[in-house]
Amino acid sequence: MSVAEFRVLGPLSLSIAGQSVPLHGAKQQVILGTLLLCHGRRVSLARLADTVWEHHPPVTARKQIRNAVSGLRGVLQAAGAAVSHEADGYRLDIGDAALDARTFQEHCARARFCLEQGQDDDAGTELRAALSLWRGPVLSGLDRSGLRAQTAVLEERRLAVLEEWAELELARGRHAALIGELSAVVAEHPLRERLVAQFVLALFHSGDRARAFAVHERTRRKLADTLGLDPGPELQDAHQRMLADDAGAPGPAPAPVPERTAVPRAQLPGNLPADLRHFTGRAAVRRRLLDLACRDDGPGAVRTALIEGMAGVGKTALAVHVAHRLTPRYPDGALFLDLCGHSTAAAPLSPAAALVQLLRAAGVETGGPGAVEGLSVAELSGLWRSWLAGRSVLLVLDDAAGTGQIRPLLADGAGCLTLVTSRRSLTGLSAARPYFLDPFSREEARELFRRLADDGSGRPTGRQEARPDEVDGLLGHCDDHPLAIAAAAAKLRHRPAWSVGYLAARLADPDRRLAELRTEDGGLLNRIDLSYSGLHPDQQRLLRLLGLMVTPVVNAHSAAALCGLPVQRTEELLEGLVDEHLLQQPEAGHYRVPGLVQAYCRQLSRRLDTPEDRESAFKGLHDFYLERQLILSYAGDPCPLQPSWDSI
């Protein structure tokens, strides 16, 4: 197996020995993508310029391309590849490195040979392997008109291979396993008649006859309205076979689809974690989630709710609490899956591993131990969707790392509901409804603290009743954050000699606050650390500097002065931190660091940033305000840094 691998069937990427190699800059990526798609043929400088700048190259285009190629050579050398200058252009030789587009063609060639030898099963395996190489549109993210002809050719080949594979699967009687994948492709290519014909036959032979006829009729009308055409021979043949119930033809064997009775109903609700005895608050969002489950949005409506918020804010607790109240509405089961998107104990689940766990939880019979693990993501997703078809299931997907991880898992049947929790804003799920969780209101925080610290006597464990100002002081230092409140209550339960006021005084020191709130599993400190570690280095540095400010509310211009980056780049970083729920946005254009995140970043900056770096950052912010004749929003250097700041 080649050590280096170039991939163009999806986002452009290069990996060496399994490790991803960063490809910096759109210009270099477009040039590399163009050379890879030309499979070792020379590409002229004029064509490269037209592709990079969309037929409007600057006068310095040739020089910029030469510089970009020079930068690429250092990256490619480690992969055993080389760019050579030929006449007025360049040619790429990838040597022994793998290219997924070339591997795709090799699988297709072996499949054709197997078909000629009558080895249909082996041909199906090769075609499936070819299709599994695709991770999205060719060179997705590098949309250039100069590349569209080549990407269109590859996309057409993919669809042709998909049709060949689907034909073999239909002949083998695996109708239900095809439904999920064909449904998605037909939605993208609704007038590709062979695919539609295969889809309606898969639906029909899986028992979903009404949907099969509906898809056929919808396609017939679209062909007539859009192109003025009648259905072609393949679609007409599929329709006639359905009308005749395929009585005169040697029909395929029934697909090996798990029967509806494969999952004992009594076992399904037990998959949910136990509801929290002390659950409190979130009345408004609970009501909205319950209303979502009761809505009738018509046939085909997909119900997916995204519960988003910073680490430890109570997303999982809310999802499980709501799921327990909705269970009676979903008689076919309520399933829970921890996706480990942000976990110290395990890596995020891959879509394939997640599907395997869901199928096991559903009790799907798969033909023996290990049979499921041998299937591709598309096959597993098809099996999962075929099990969901016609069922009413509640699915909780907890701690999602990103949209790509959960898209194949969604329970998209009309009678199903999916609750997803994530620390990130999953903007890739356009049909889903987001629900954002902020820290508690003070009233909710008081109620949670009372429940967790109560020994049954109505007051904190073993103590005289605490004064309201002491409780509010403690909750303020906890930022009204549910996990921090739980940690403070646990500390009091295990320190009988401590009073609420004493703990509040200890929490008043921001440098020791997170350490005081540390629990056996690390608590909030570990959770914020996991979120921070997944950030871009520029985001990490900006967040650390924001944590040093006394008044941690900024806009893009003041933050740019603080970190020394262009305003547009700084705004991108700030918005990314909002998506990671590490910054709050009190109003458009303004950003605030939550108190506990600020305490974390303050400590981190003292370890990672030099005093000179910190002073330089604050001097930039100081100059920014002076130039605009504004009053500084802080009264001195909170670190402190240099004596010169005493005069500010």
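Relevant structure appears above.
Everything numeric in this text was worked out from a predicted model, so none of it was measured.

Draft legend 1. Seen up close, unusual backbone geometry. Within the chain, Asp399 stands out as a residue other than glycine whose phi angle is a positive 60°. Of note in the backbone geometry, Asp480 takes a positive phi value of approximately 55° without being a glycine.

Draft legend 2. The pattern of salt bridges, seen in detail. In the structure shown here, the tally under the stated rule is 31 salt bridges. The salt bridge partner of Arg172 is Glu169, with a shortest N-O separation of 2.8 Å. Glu169 sits in the buried class, given a relative accessible area of 3%. Glu470 is the salt-bridge partner of Arg467, the closest N and O atoms lying 3.2 Å from each other. Because the salt bridges share partners, they merge into one network encompassing Glu156, Glu163, Glu167, Arg192, Arg194 and Glu234.

Draft legend 3. Highlighting the sheet that holds strand 10 (residues 394-398). Spatially, 9-10-11-8-12 is the arrangement adopted by the 5 strands of the open sheet, whose pairing is parallel. Edge positions in the sheet fall to strand 9 (334-338) and strand 12 (433-437), since each of these pairs with one other strand and no more. On average, each strand axis in the sheet is inclined to that of its neighbour by 15°, with strand direction left out of account. In this sheet, strand 12 lies alongside strand 8 (residues 304-309) in parallel orientation, the contact comprising 5 bridges. Of the residues in strand 12, the one forming a bridge with Leu306 is Pro434. Contacts between helix 12 (residues 315-326) and the sheet are confined to strand 8, strand 9, strand 10, strand 11 (417-422) and strand 12, with strand 11 contributing the most and set at about 165° to the helix.

Draft legend 4. Up close: the sheet that holds strand 14 (residues 584-587). Ordered by their spatial adjacency, 3 strands build an open sheet running 13-15-14, and the pairing between neighbours is antiparallel. Single-partner strands in this sheet number two, and they are strand 13 (553-555) and strand 14. Put simply, the sheet's adjacent strands are angled 40° from each other on average, direction ignored. In this structure, strand 14 lies alongside strand 15 (residues 590-592), joined through 2 bridges in antiparallel fashion. Bridged to Gln584 within strand 15 is Arg592.

Draft legend 5. Spatial organisation of the packing of helix 22 (residues 537-547) against helix 24 (residues 567-579). The geometry of helix 22 relative to helix 24 is characterised by a closest axis approach of 10 Å and an angle of 80° between their N-to-C directions. Classified by the angle their axes make, helix 22 and helix 24 are roughly perpendicular. Facing Asp538, Gln539, Leu542, Leu543 and Leu546 of helix 22, the residues of helix 24 in contact are Arg569, Thr570, Leu573, Leu574, Gly576 and Leu577. For the contact of helix 22 with helix 24, the per-class residue count stands at 6 nonpolar, 3 polar and 2 charged.

Draft legend 6. Examining the nonpolar core more closely. Formed by 83 residues in total, the largest nonpolar core has its most connected members in Leu289, Phe449, Leu474, Leu543, Leu546 and Leu583. Leave out the neighbours within four places in its chain, and Leu583 touches Leu543, Leu546, Leu574, Leu577, Val578, Tyr591, Arg592, Val593 and Pro594. Ranked by size, the runner-up nonpolar core spans 79 residues in total, among them Leu92, Cys114, Leu170 and Phe199.

Draft legend 7. Quick look at the side chain of Thr327. Here Thr327 is to be found in the loop between helix 12 and strand 9. Within polar-contact distance, the side chain of Thr327 engages the backbone oxygen of Ala323 at 2.8 Å.

Draft legend 8. Quick look at the packing of aromatic side chains. This model, assessed by the stated rule, comprises 5 aromatic pairs. For the pair Trp384 and Trp387, a centre-to-centre distance of 5.6 Å together with 15° between the ring planes defines the contact as stacked. Residue Trp384 and its partner Trp387 are located together in helix 14 (residues 377-388), separated by 3 residues, close to a single helical turn. One exposure class covers both Trp384 and Trp387, and it is buried.

What counts and what doesn't
Residues numbered from 1 in each chain as written. Predicted model: local features only at pLDDT ≥ 70, side-chain atom pairs only at ≥ 80, totals over all residues. Heavy atoms only, no water. Salt bridge = Lys/Arg side-chain N within 4 Å of Asp/Glu carboxyl O. Buried < 20%, exposed > 50% of the residue type's maximum accessible area, 1.4 Å probe, protein only. Pairing = 2+ DSSP bridges. Helix = DSSP H or I, 4+ residues; strand = E, 2+ residues; numbered from the N terminus. Axes fitted to C-alpha atoms, helices over the stretch in contact; angles between N-to-C directions. Contact = heavy atoms within 4.5 Å. Parallel < 35°, antiparallel > 145°, perpendicular 65-115°, else oblique. Nonpolar A, V, L, I, M, F, W, Y, C, P; charged D, E, K, R; others polar. Core = buried A, V, L, I, M, F, W, Y, C linked by side-chain atoms within 4.5 Å. Polar contact = N/O pair within 3.5 Å; in protein donor to acceptor, adjacent residues only side chain to side chain. Phe/Tyr/Trp six-rings, centres within 6.5 Å; stacked < 30°, edge-to-face > 60°.

These results come straight from atomic positions and should not be treated as a statement about function.
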